[in-house]
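If you want the building blocks of each chain, they are given just below.
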Amino acid sequence: MRFIILIAIVLFLELYTFSSVRTLTSNKIVLIGFWIVTVAIYGIFFYQMSITQREGRFSLSTGYAIALGLTFLVPKLFILIILFIEDIFRFFASLFNYFQHSGMTVGEAIPARRKFISQLALGIAAIPFAGFLYGIFQGRYNYRVIKHTMFFDDLPDEFDGYRLTQISDIHSGSFDNKEKIEYAVDLINEQKSDVILFTGDIVNAVAEEMYPWIDTFKRMEAKDGMYSILGNHDYGYYAYRTQAEIDGNHQKIEKVHKDIGFNLLLNEKRTLERNGQKLNILGVENWGASRHFPKRGSLKKATEGVVDGEFNILLSHDPSHFDYKEMEIREKEKKDPAVVTDETNILDFEKKIQLTLAGHTHGMQFGIEIPFLNIKWSPVKYRYPRWAGLYEEAGKYLHVNRGFGVLAFPGRVGIWPEITVIELKKRKKIA
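Note that the coordinates shown come from a computational prediction; the quantities given were computed from them, not determined experimentally. (Residues numbered from 1 in each chain as written. Predicted model: local features only at pLDDT ≥ 70, side-chain atom pairs only at ≥ 80, totals over all residues. Heavy atoms only, no water.)

Which residues make up the sheet that holds strand E13 (residues 396–400), and what values do they have?
Here we have six strands laid out as an open sheet, ordered E6-E7-E8-E9-E13-E12, and mixed in their pairing. Where the open sheet ends on each side, the last strands, each with one partner, are strand E6 (268–274) and strand E12 (389–393). Adjacent strand axes in the sheet meet at a mean angle of 20°, parallel and antiparallel pairs treated alike. Taken together, the seven bridges between E6 and strand E7 (residues 277–283) define a ladder with antiparallel strand orientation. By the bridge assignment, Arg 270 is partnered in E7 with Ile 281. (Pairing = 2+ DSSP bridges. Helix = DSSP H or I, 4+ residues; strand = E, 2+ residues; numbered from the N terminus. Axes fitted to C-alpha atoms, helices over the stretch in contact; angles between N-to-C directions.)

In structure tokens form, the structure reads like this:
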């Protein structure tokens, strides 16, 4: 039933688009070509999606099929909206004229008006069309270094001015330009941060996707090392069905992290020390609101040995871990014995975690951000209220990285790939 409804909506959309084209030209080659191109695009899209569903993983060809479909579909939504509004106006105007018996009927003015409206609709549709093309060919590699300075009362004096670089959601299975990736790695190294922190999703589905890129990413360097965690895409659930295959992929993923130089944290902590003062790097496995993703994260395990007064930075892939309330993981019956059942969210956790770093959302790779106007919007906000940038509640901070790579749609429109640099500062006490 859903498929029939979808087909009906798409057909309605295409008929409206075709009507705007037919208003502007009667050339049979153009009109027939419209339907040939339309059928070809939908054919490519559904064919590639069927392969993805069968194999359980996203390939580059699937990504480009999605890009092709969205690039031609989204602009047509603008055409539909404009022409539909015009049709509603024309309907009520016709009713008004019918009852008023005016001299000139709306019908007499329709051809010229309809042509103008169709030209307007196609012109407006050209804007998102161009935006999608830019996002596919340039936007996905338009890396931005976003810097934050954060002040804390309880930051150890020896870590005043400490710099960390966060990257997230590499999704190496979607890479297709080695030169651009090498540029991004050089950009990371140019920040000369004390530590590099990676917050999960190194692949789309399987460990082998990262093999061609290990030598590129192992060039990253930081004085106090590099630390990482797993994201929902790193467990192999998207590609494998048996536990043996999932476990085998997990072992390969762990080796990938090690080969790059990451210290992979699986519900663990590492302590950085300067002149006797400490800063803890905590890392939990995936923990999120969606029941479709594995919930293996344990704050209790990761904070074993942490005492009051210590400064803690947590890596947790999914930002919903910060304040999620419904507590699905408290359910007693779980298929996966590794799922933690005694957890709470970060905000309510008994030990203070001053700063949490997350990713996962990608900012949906689509949205609008105008910092000087304080405008920040993406459709993903309706699924993840904390979806990009810095958030604070009850003296605890969350930073959500917009992601390094892409998934499914091989582009970015308005939400650019991010390299985050955070400088930790000790807040000076006022005498």
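Describe the pairing of E12, listing the residues and the values that go with them.
In this structure, E12 lies alongside E13, joined through five bridges in antiparallel fashion. Bridging from a neighbouring strand, Glu 392 pairs with Tyr 397 of E13. Once E12 ends, the chain turns through two residues before running back antiparallel as E13, passing Ala 394 with a positive phi of about 55°.

Which residues make up helix H2 (residues 28–55), and what are the values?
With 28 residues, H2 extends 41 Å between its outermost C-alpha atoms, agreeing within 8% with the 40 Å of an ideal straight helix rising 1.5 Å per residue. Turning to H2, its buried residues number three or more, namely Leu 31, Phe 34, Thr 38, Ile 41, Gln 48, Ile 51 and Thr 52. (Expected span 1.5 Å × (residues − 1). Buried < 20%, exposed > 50% of the residue type's maximum accessible area, 1.4 Å probe, protein only.)

Describe helix H5 (residues 178–190), with residues and values.
Every α-helix carries 3.6 residues per turn, so stepping three or four residues along brings you back to the same face. In a regular helix each residue adds 1.5 Å, so 13 residues correspond to 18 Å; H5 covers 18 Å between its end C-alpha atoms and thus fits that length. Turning to H5, its buried residues are Ile 181, Ala 184, Val 185, Leu 187, Ile 188 and Asn 189. Buried-residue contacts for H5 involve strand E1 (144–152), strand E2 (162–167), strand E3 (195–198), helix H6 (214–217) and strand E14 (418–426). Capping the start of H5, Asn 177 holds a side-chain oxygen 3.2 Å from the backbone nitrogen of Glu 179, two or three residues further along. Among the residues trailing H5, Lys 192 stands out with phi positive, at a value near 50°. (Contact = heavy atoms within 4.5 Å. Polar contact = N/O pair within 3.5 Å; in protein donor to acceptor, adjacent residues only side chain to side chain.)

Nothing here speaks to function; it is all geometry.
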